[in-house]
Amino acid sequence: MTTPLNDPLLIAEDLHLSFGPTRALDSASLRVRAGEVLALMGPSGSGKSTLLHCLAGILIPESGRVLFAGRDLSAMSDAERSALRRTEFGFVFQFGQLVPELTCLENVALPLRLAGTGRREAQRHAAEWLERLEVADVARKRPGQVSGGQGQRVAVARALVTRPKVVFADEPTGALDSLNGEKVMQLLVSAARHTGAAVVLVTHETRVAAYSDREAVVRDGRVREQEPVR
Ligand SMILES: Nc1ncnc2c1ncn2[C@@H]1O[C@H](COP(=O)(O)OP(=O)(O)OP(=O)(O)O)[C@@H](O)[C@H]1O
């Protein structure tokens with residue numbers, strides 16, 4: 001499946017989604033181009049995470065649609081959406097995403113193992129990714145034995161090891177001090193540029209958003225300001 005370079009890779013059209021009486025998304029629309037780093041900004045509770053979860057096929061909107069490379073996510077079965085998330089998407093969250101019982105190397109190798117790659121090859125790729133994220137030294141440690149910044153770099157390596165088309169990052173630096181946060185952002189963006197992945201990044205911090213190519217502002221469940229897709 002190929003997408004012409006300038007066509008949006010991921011399109012959200014007129015999404016609506018409520019949690020009980022709370023309208024989280026209210027006609028939200030967004031376009032993400034292949035390879036771009038897009039920051040979703042906006043006040044707390046404005047719908048940024050909900051929008052990200054819809055874009056990633058984790059939540060299904062009540063109305064509207066999300067198209068990835070021309071495929072409507074809500075028309076897929078749960079199994080198809082899970083397969084898509086495993087193969088085409090990567091995820092980095094604020095914390096708690098690494099499997100505590102596995103070493104950092106095994107954590108990074110896990111998505112490849114799930115995709116059917118043999119143990120040795122998966123671990124070889126994982127080691128390369130830890131090297132690229134400058135945390136080769138924590139390979140044999142468990143997540144509980146590494147710092148927050150190291151853990152996030154391992155999480156970035158794990159998100160990119162399968163060479164996804166889109167990396168979804170929800171406040172990836174939210175639990176880090178500013179120095180470690182900047183380093184994680186630098187490494188995330190350069191790793192995504194290396195593989196050509198697009199990054200959809202939710203953040204409160206303008207300093208973090210400064211690493212993006214483009215910003216979209218979410219307010220009251222809709223995308224209020226967005227540069228046009230060129
Ligand atoms: N699972 C849920 N159950 C009930 N309400 C929810 C749920 N998830 C989100 N909401 C509500 O939907 C609205 C949008 O939430 P969302 O998390 O998308 O906002 P956000 O912009 O990401 O906020 P923040 O920056 O504080 O993380 C909020 O009013 C929130 O309280």
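Parameters at a glance
- Residues numbered from 1 in each chain as written.
- Predicted model: local features only at pLDDT ≥ 70, side-chain atom pairs only at ≥ 80, totals over all residues.
- Heavy atoms only, no water.
- Axes fitted to C-alpha atoms, helices over the stretch in contact; angles between N-to-C directions.
- Helix = DSSP H or I, 4+ residues; strand = E, 2+ residues; numbered from the N terminus.
- Parallel < 35°, antiparallel > 145°, perpendicular 65-115°, else oblique.
- Left-handed = near helix turned anticlockwise from the far one by under 90°.
- Contact = heavy atoms within 4.5 Å.
- Nonpolar A, V, L, I, M, F, W, Y, C, P; charged D, E, K, R; others polar.
- Near = heavy atom within 4 Å.
- Polar contact = N/O pair within 3.5 Å; in protein donor to acceptor, adjacent residues only side chain to side chain.
- Areas by Shrake-Rupley, 256 points an atom, 1.4 Å probe, with all protein chains shown as cover.

### Notes on the packing of helix α3 (residues 104-114) against helix α4 (residues 119-132)
Here is step 1: With their axes 8 Å apart at the nearest point, α3 and α4 run at an angle of 120° to one another. Classed by the angle they form, the pair α3 and α4 counts as oblique. Between α3 and α4 lies a crossing of right-handed hand. Counting all contacts with α3, which are made through Cys104, Leu105, Glu106, Val108, Ala109, Leu112 and Arg113, the residues of α4 involved are Arg119, Ala122, Gln123, His125, Ala126, Ala127, Trp129 and Leu130.
Here is step 2: Considered class by class, the residues forming the contact of α3 with α4 number 10 nonpolar, 2 polar and 3 charged.

### Overview of the site of the ligand
Here is step 1: Every residue near the ligand is listed here: Phe19, Thr22, Ala24, Pro43, Ser44, Gly45, Ser46, Gly47, Lys48, Ser49, Thr50 and His204.
Here is step 2: For the ligand, an oxygen atom lies 2.6 Å from a polar atom in the side chain of Ser44.
Here is step 3: One nitrogen or oxygen atom from the main chain of Ser46 is found 3.1 Å from an oxygen atom belonging to the ligand.
Here is step 4: For the ligand, whose unbound accessible area comes to 630 Å², protein coverage reaches 59%.
Here is step 5: Listed by contribution, the elements that provide at least two residues to the shell around the ligand are β2 (22-33) and α1 (48-55).
Here is step 6: Among the elements that line the shell around the ligand, the one with the most residues is α1, at 3 residues.
Here is step 7: Residues of the shell around the ligand, tallied by class, amount to 3 nonpolar, 8 polar and 1 charged.

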